[in-house]
Amino acid sequence: MLKDTNREGTRKTKENPTMRMHLWFETEEGVLFGLGRLQLLKSVEEHGSLKGAAEALGMSYRGAWGKIKVTEELIGQKLIERDSNRRAGYRLTPFGRVLARSYDQWYREVEAFALSKGNESLPFYLNCYE
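Residue positions are given per chain, counting from 1 as you read along its sequence in written order. Totals for whole chains, interfaces and linings use all residues, but because this is a predicted model, local features are given only for residues with pLDDT of at least 70 and pairs of side-chain atoms are given and counted only at 80 or more. By convention in this description, side-chain values take in all heavy atoms of the structure and omit both hydrogens and water.

Caption draft 1: Examining helix H3 (residues 61-75) more closely. For H3, spanning 15 residues, the distance from its first C-alpha to its last is 21 Å, which sits close to the expected 21 Å at 1.5 Å a residue. When we look at burial in H3, the residues that qualify are Ala64, Ile68, Lys69, Thr71 and Glu72. Along the long axis of H3, the arc covered by the buried residues comes to 165°, so they all point the same way. Projecting away from the buried face of H3 at angles above 90 degrees are the exposed residues Arg62 and Glu73. A helix here means a DSSP run of H or I that spans at least four residues, while a strand means a run of E at least two residues long, and both kinds are numbered starting from the N terminus. Given a helix with a known number of residues, its expected span is that number minus one, times 1.5 Å. Burial classes: relative accessible area under 20% of the type maximum marks a residue as buried, over 50% as exposed, and values in between as partly exposed (1.4 Å probe, protein chains only). As used here, the arc is the angular range of directions from the helix axis to the C-beta atoms.

Laid out in structure tokens, this is it:
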């Protein structure tokens, strides 16, 4: 149910909708990088292993490995490497860290812009997805 607000020409819903976005890069060969890959890289960094990262995200090791390998092949750079301090552990390569950090920053900036424009343009207010 809509109810009037004090913002001229706008209406506010009973509960403000949440804006959600999904942005990714792809080629004809497949998904290059997106939010899922970012979450996977962050999880590898957090858990120090691909197995732990996959489990934390509720995916199979094989699925996680496949996503990493597809992106590495499409980009032509390694994203993860064996951690010399851990027996079966992995860590992000310098390129993997730069890609994760750059995509994360870009995504946040695009999301903030979309939220701002949505709140300027739409007849209701939007909440940011957390």
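Caption draft 2: Quick look at helix H1 (residues 35-47). Taking 1.5 Å per residue as the helical rise, H1 with its 13 residues ought to reach 18 Å, and the 18 Å between its terminal C-alpha atoms agrees with that figure. Of the residues making up H1, those classed as buried are Arg37, Leu38, Leu40, Leu41, Ser43 and Val44. Note on contacts: a residue pair is in contact if any heavy atoms of the two residues lie within 4.5 Å. Buried residues along H1 sit against strand E5 (30-34), helix H2 (50-56), H3, strand E6 (80-82), strand E7 (90-92) and helix H4 (94-121). Looking one or two places after H1, you find Gly48, whose phi comes out positive at around 75°.

Caption draft 3: Quick look at the side chain of Ser49. Along the chain, the position of Ser49 falls in the loop between H1 and H2. According to the relative accessible area criterion, Ser49 is buried, its value standing at 17%. Ignoring sequence-local partners within four residues, the contact set of Ser49 consists of Val44, Gly89 and Tyr90.

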